[in-house]
Amino acid sequence: MKDKHLIALDLDGTLLKDDKTISEKTKAVLNQVQNDGHVVMISTGRPYRASEMYYKELNLQSPIVNFNGAFVHHPLDAGWGVYHQPLPLEAVKDIIEISNQYSIQNIIAEVMDHIYLHYHDEKLIDFFKLGNLSITYGDLRNFLKNDPTSLLIHSDEKNVEKINSYLSETKAEVIEHRSWGAPYPVIEIVKHGINKAIGVKKVADYYGIPQSRVIAFGDEDNDLEMLEFAGHGVAMGNAIDMAKHVAKDVTLSNEEDGIAVYLEELLLKS
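Scoring rules and cut-offs
Residues numbered from 1 in each chain as written. Predicted model: local features only at pLDDT ≥ 70, side-chain atom pairs only at ≥ 80, totals over all residues. Heavy atoms only, no water. Core = buried A, V, L, I, M, F, W, Y, C linked by side-chain atoms within 4.5 Å. Buried < 20%, exposed > 50% of the residue type's maximum accessible area, 1.4 Å probe, protein only. Helix = DSSP H or I, 4+ residues; strand = E, 2+ residues; numbered from the N terminus. Contact = heavy atoms within 4.5 Å. 1 Å grid on protein atoms, 1.4 Å probe; cavity = no way out; pocket = protein on both sides within 12 Å on 5 of 7 lines; lining within 4 Å. Points joined across faces, edges and corners; volume = space filled by probe spheres on them. Nonpolar A, V, L, I, M, F, W, Y, C, P; charged D, E, K, R; others polar. Pairing = 2+ DSSP bridges. Axes fitted to C-alpha atoms, helices over the stretch in contact; angles between N-to-C directions.

Q: Account for the nonpolar core, with residues named and values stated.
A: Nonpolar side chains in soluble globular proteins tend to end up buried together. If you look at the biggest cluster of nonpolar residues, it comprises 26 residues, and the most contacted ones within it are I7, L9, L15, F217 and L263. Mapped onto this core, the elements with two or more residues apiece are β1 (6-9), α1 (24-35), β2 (39-42), α2 (52-57), β12 (214-218) and α10 (258-268). For this core, the leading source of residues is α10, giving 5 residues. Beyond its immediate stretch of four places on either side in the chain, F217 contacts I7, A8, L9, D10, T14, M226, L227, V234, M236, I259, Y262 and L263.

Quick look at the structure:
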């Protein structure tokens, strides 16, 4: 076979089609490259409970990056260890205090598979109800006792911009923050220095795969560091302009089997 490569896959807008399924062609190609000895992994902003079904569907045997790099573990090997970098609780409570000045609609803290919602919201609850989890409702300043893996601020478009500015000016040394796309205007916050590239590098080092043989696929701003890190950083055809700018290559969209087409050309054609 060709030299072993590590293939890191973002989920939403990348591996997953718009209906949140994986195409049969992409599944077949990913199965083939795994059979050829390459390592396929998921690297996502989702928690593990919301990515486990895709891990199993692809019959992966690798570690997985969740929460944009704040949590990395091997679902099939407890001995691999757990890399967990949560947010400092003190900084989180400061952010909750100031968020009230910006007409926030809700604040969601995730401590692994326990979710804390500042306000009860059935639509948000349905959005997060994937996998096995417990939910606590109420003022996070009172109920949140442990450092959360991530914090989500749900606001409107106008205030998202203002909150992002505030976070950049006051919390840049302790947090990383990014805005989500549809369906919700959300700011996602993780610990400073945490991103998908950190997790992917840990996995690459574990397998002894050099950076030059890391292939990463992504489409959003939480993929930028991963696309820059990978020797083959590949933006999807539907990716944001910044992702295409930092990527080394651009493939077809998530609706056009972009991952499969790229991997066939790079790894499967002699």
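Q: Report on empty space enclosed by the protein, specifying residues and quantitative values.
A: One pass over the structure, following the stated rule, counts 2 cavities of 30 Å³ or more. Its boundaries defined by the atoms lining it, the largest cavity holds a volume of some 40 Å³. Around the largest cavity, the lining residues are T14, L15, S23, T26, N254, D257, G258, I259 and A260. Of the residues that constitute the lining of the largest cavity, the class distribution is 3 nonpolar, 5 polar and 1 charged. There is about 40 Å³ of room inside the second largest cavity. Taken together, N68, E176, H177, R178, E188 and V190 make up the lining of the second largest cavity. Secondary-structure elements contributing two or more residues to the lining of the second largest cavity are β10 (175-179) and β11 (186-191). With 3 residues, β10 is the largest single contributor of residues to the lining of the second largest cavity.

Q: A description of the sheet that holds strand β4 (residues 71-73) should follow, citing residues and the corresponding values.
A: Reading across the sheet, the 3 strands line up as β3-β4-β5 and stay open at both edges, with antiparallel pairing between neighbours. Strand pairing shows two members of the sheet lacking a second neighbour, β3 (64-66) and β5 (82-84), which therefore form its edges. Taken over all neighbouring pairs, the strand axes of this sheet differ in orientation by 10° on average, direction set aside. Examined bridge by bridge, β3 and β4 share 3 bridges and lie antiparallel to one another. Bridge pairing in β4 places I64 opposite H73. Packed onto the sheet, helix α7 (residues 196-207) meets β3, β4 and β5 and runs at close to 165° relative to β3.

Q: Account for the sheet that holds strand β6 (residues 106-111), with residues named and values stated.
A: Reading across from one edge, β8-β7-β6-β9-β11-β10 is the order of the 6 strands in this open sheet, with mixed pairing throughout. One side of each edge strand has no neighbouring strand; the edge strands of this open sheet are β8 (134-137) and β10. The average undirected angle you get between the axes of adjacent strands in this sheet is 20°. Where β6 lies against strand β9 (residues 150-154), 5 bridges are found, and the strand directions are antiparallel. Within the sheet, the bridge partner assigned to N106 lies in β9 and is H154. In this fold helix α3 (residues 89-99) packs onto β6, β9, β10 and β11, with an angle of close to 5° to the strand it touches most, β9.

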